[in-house]
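Below are the chains, spelled out letter by letter.
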Amino acid sequence: MPLQSPTLRSAVPEVFFSLGSFSAASSTSIEAHSEYSKCLASNSLDIHIVFFLFPLHSILAFQSPLGLKQGRLMFSYSIFLLFSGLALSLAERFWPRTPQPLVRRGFFLDLLYLFFNAEVVGALVAIWITNNLPASVILPFRETLQLGWLAQQSVAIQTLVLLLVKDFIQWNVHHLMHLVPALWQFHKTHHSTVDMDWLSNWRFHWIEIVVYQVVLYVPATLLGFSSEAAFGCAVISTAFGHFAHANLRIHIGFFKYIFNSPELHAWHHVHPDYGPQHRNFAITFSFWDWLFHTAYLPAEPPKRLGIREVEISL
Ligand SMILES: [Zn+2]
Ligand SMILES: [Zn+2]
């Protein structure tokens, strides 16, 4: 089994920790650096997904087994990633919530996550599974649940319905990740970020990626949502994730009651010594938080982000 090979095992942590510790060491003390590495070490399983997903990602991107214009979609997706990243990086220079360098602590680690934690991969895996199951399995399933009407709707309506349903499930899963200590062990990877920007949207433990992506998208495509709707939903969720994590001091007015935003999500990441915990669980839509009284939005942004497990002196 490739992951167990001694050569790979010895090489992997070196790459992983050097990426994580380089960014921490650039502006913190040796003690803080070692604390940071310890926290990352607790998530060393993350590196496995790198070697698992890399070939999978490539196969899905270039072999076009999904019955849609895979190569073109993946190309558009890469262009979207590039331009949204550039646009947000530029905006963060002009209107930062917290002044911080472009190559901030954790930058290279998050770049690694960017390549291997793509939500769109979850959607592609789900599309591939559904397309490869025989109709004799899928049709009775859809007929029993009376969901044949779904396939007759336009891609835009399917995408919106899927986005709403998926977002509400994710809001609940996210809430549980905070309230159940065993689940928090996985989710704290995401909260380990101390200097947040759009790239922080990618720092997740691989278990969360499996739960959020494959486990959510497989039933969606099995139920009859089209490949395009699943793919579109993944791209829209990713775009909102980028926006919500951006280091931007902006107010979106009334839209804060509808969409997640940097001002809301920064308070989700507030350090426990600097603000209340377990607020603003929104992924794409913020109305779940306003509806269930978990929204929290003071006038000023939080003074410090992160968790106690990552005690880097500021
Ligand atoms: Zn969270
Ligand atoms: Zn976040």
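What you see is a predicted model, and the numbers here were worked out from it, not measured in a lab.

Novice: How should the overall build of the chain be read in this particular structure?
Specialist: Within the chain, the regular secondary structure consists of 13 helices and zero strands. Counting across all 314 residues of the chain, residues that qualify as buried make up 39%. Counting only contacts in the chain whose residues sit at least 6 apart along the sequence, the fraction spanning at least 24 positions is 75%.

Novice: Help me out: how do you make sense of helix H8 (residues 155-179) in this one?
Specialist: What sets the pattern is the α-helix's 3.6 residues per turn: residues three or four places apart point alike. In a regular helix each residue adds 1.5 Å, so 25 residues correspond to 36 Å; H8 covers 36 Å between its end C-alpha atoms and thus fits that length. Taken together, the buried positions of H8 are occupied by Gln158, Thr159, Leu162, Leu163, Lys166, Asp167, Gln170, Trp171, His174 and Met177.

Novice: Can you walk me through the packing of H8 against helix H11 (residues 227-245) in this structure?
Specialist: If you want to describe how two helices pack, look at the angle between their axes and the distance between the axes. Relative orientation of the contacting elements H8 and H11 amounts to 55°, with a least axis distance of 8 Å. One element, H8, and the other, H11, form an angle in the oblique class. By crossing handedness, the relation of H8 to H11 is classed as right-handed. Every residue of H11 that contacts H8 at Val155, Gln158, Thr159, Leu162, Leu163 and Lys166 is listed here: Glu228, Ala229, Ala230, Gly232, Cys233 and Ile236. In terms of residue class, the contact of H8 with H11 is made up of seven nonpolar, three polar and two charged.

Novice: Help me understand the confidence of the model for the chain, please; the structure alone is not making it clear to me.
Specialist: Parts of the prediction with low pLDDT should not have their coordinates interpreted in detail. Overall, the predicted model of the chain reaches an average pLDDT of 74, with 69% of residues at or above 70. The spread of mean pLDDT over the elements of the chain runs between helix H1 (residues 6-25), the lowest at 32, and helix H13 (residues 287-291), the highest at 97.

Novice: Explain the nonpolar core to me, please; I cannot follow it from the model alone.
Specialist: Grouped together as the largest cluster of nonpolar side chains are 17 residues, with contacts concentrated most on Ala123, Ala126, Leu162, Ala220, Ala230 and Cys233. For this core, the secondary-structure elements that each account for two or more residues are helix H6 (119-132), H8, helix H10 (206-223) and H11. Per-element accounting of this core gives the leading share, six residues, to H6. By size, the runner-up hydrophobic cluster in this structure holds 14 residues, among which are Leu88, Leu199, Phe243 and Ala244.

Novice: Just checking my understanding: could you explain the environment of Ile258 for this structure?
Specialist: Looking at where Ile258 falls in the secondary structure, it is placed in the loop between H11 and helix H12 (262-268). Leaving out residues up to four positions away in the same chain, Ile258 has contacts with Phe285, Ser286 and Phe287.

Novice: How should unusual backbone geometry be read in this particular structure?
Specialist: Trans peptide bonds make up most of the peptide bonds, and negative phi angles are found at most residues other than glycine. If you check the backbone angles, His278 has positive phi at about 60° while not being a glycine. Topologically, His278 is positioned in the loop between H12 and H13. A residue is classified by how many C-beta atoms lie within 10 Å of it, and His278, with 11 of them, is exposed. For Asn280, which is not glycine, the phi dihedral falls at a positive 50°. Looking at where Asn280 falls in the secondary structure, it is placed in the loop between H12 and H13. On the basis of neighbour counts, which here come to 25 C-beta atoms within 10 Å, the residue Asn280 falls in the buried class.

About the thresholds
Residues numbered from 1 in each chain as written. Chains lettered and ligands numbered in written order. Predicted model: local features only at pLDDT ≥ 70, side-chain atom pairs only at ≥ 80, totals over all residues. Helix = DSSP H or I, 4+ residues; strand = E, 2+ residues; numbered from the N terminus. Buried ≥ 20, exposed ≤ 12 C-beta atoms within 10 Å, placed from the backbone. Contact = placed C-beta atoms within 7 Å. Expected span 1.5 Å × (residues − 1). Axes fitted to C-alpha atoms, helices over the stretch in contact; angles between N-to-C directions. Parallel < 35°, antiparallel > 145°, perpendicular 65-115°, else oblique. Left-handed = near helix turned anticlockwise from the far one by under 90°. Nonpolar A, V, L, I, M, F, W, Y, C, P; charged D, E, K, R; others polar. pLDDT = per-residue confidence, 0-100. Core = buried A, V, L, I, M, F, W, Y, C linked by C-beta atoms within 7 Å.

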